[in-house]
Amino acid sequence: MPVKSLNETVCPNPKCEYYLRVEGKAIIKRGKYKTGHQRYYCKHCGKFFMDTIGTAVYRKHLSGDEIRLIYRLFLEKNGIRSIERITGHHRDTISHLIKDTVKNQKTEEYLIKQIGLTAGECEKLWALLEKKRETSRK
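Cut-offs applied
Residues numbered from 1 in each chain as written. Predicted model: local features only at pLDDT ≥ 70, side-chain atom pairs only at ≥ 80, totals over all residues. Heavy atoms only, no water. Helix = DSSP H or I, 4+ residues; strand = E, 2+ residues; numbered from the N terminus. Phe/Tyr/Trp six-rings, centres within 6.5 Å; stacked < 30°, edge-to-face > 60°. Buried < 20%, exposed > 50% of the residue type's maximum accessible area, 1.4 Å probe, protein only. Lys NZ or Arg CZ within 6 Å of the ring centre and 35° of its normal. Salt bridge = Lys/Arg side-chain N within 4 Å of Asp/Glu carboxyl O. Pairing = 2+ DSSP bridges.

*Asks:* Help me understand the environment of Ala-119 in this model?
*Replies:* Relative to the helices and strands, Ala-119 resides in helix α5 (residues 119-137). Expressed as a C-alpha distance, the spacing of Ala-119 and Glu-109, which sit ten residues apart in the sequence, is 9.4 Å.

*Asks:* Help me understand the packing of aromatic side chains in this model?
*Replies:* Here a ring pair, both rings aromatic, is described through the centre-centre distance and the interplanar angle of the planes. A full pass over the atoms with the stated rule returns two aromatic pairs. On the basis of an interplanar angle of 25° and a centroid distance of 5.7 Å, the ring pair of Tyr-40 and Phe-49 is categorised as stacked. Side by side, Tyr-40 and Phe-49 carry an identical accessibility label, which is buried. Between the aromatic rings of Tyr-41 and Phe-48, the centroid separation amounts to 4.8 Å while the plane-to-plane angle is 45°, which identifies the pairing as tilted. Stacked on the ring of Tyr-41, the Lys or Arg Arg-30 has its end atom at 4.6 Å from the ring centre. Across from the ring centre of Phe-48, 4.0 Å away, lies the NZ or CZ of Arg-39, which sits over that ring.

*Asks:* Any chance you could explain the pattern of salt bridges here in plain terms?
*Replies:* Pairs can form between side chains of opposite charge once their charged atoms are near each other. For the structure shown, the criterion picks out four salt bridges. Lys-60 serves as the salt-bridge partner of Asp-100, at 2.6 Å between the closest nitrogen and oxygen. With Asp-100 in helix α3 (residues 91-100) and Lys-60 in the loop between β3 (48-50) and α1 (64-75), the pair connects residues that are 40 residues apart, well separated along the chain. Residue Asp-65 pairs with Arg-68 through a salt bridge whose shortest N-O separation is 2.9 Å. You can see Asp-65 and its partner Arg-68 sitting in helix α1, three residues apart, about one turn around the helix.

*Asks:* Looking at this structure, I do not really get the pairing of strand β1 (residues 27-32). What am I missing?
*Replies:* As a general feature of sheets, a regular strand has side chains that alternate between the two faces. Strand direction decides the pairing type here: β1 and strand β2 (residues 38-42), joined by four bridges, are antiparallel. Following the sheet pairing, Ile-28 is matched in β2 by Tyr-41.

This is the structure in structure tokens:
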């Protein structure tokens, strides 16, 4: 059963017998990472994972406020180097975050509920990313 919302945290480990299953799950919260993201533990397979798995910000060492600022600056059509000067993060970090952003339900839910973007900003983001990808292919 696929994940329907961020409140239904399920085990993302394909080797676990409860992989992506809500029934019979035994997921517990086990602290937070230094970026503020929730850390989870599956009692069945013994693996740790974070709430951002399956989103563009998975394994990015940025806080929610930093991610929100980067996306909002990108939506205002600032360049990567401009965003670098404003945020203080390296341009590779910013470009990897933007390149890894793919439209799917979990990413959109995360951006709206956790990061604080509006639905309109998400739609504008998807359109801007698609336009950038088309021009980079040519």
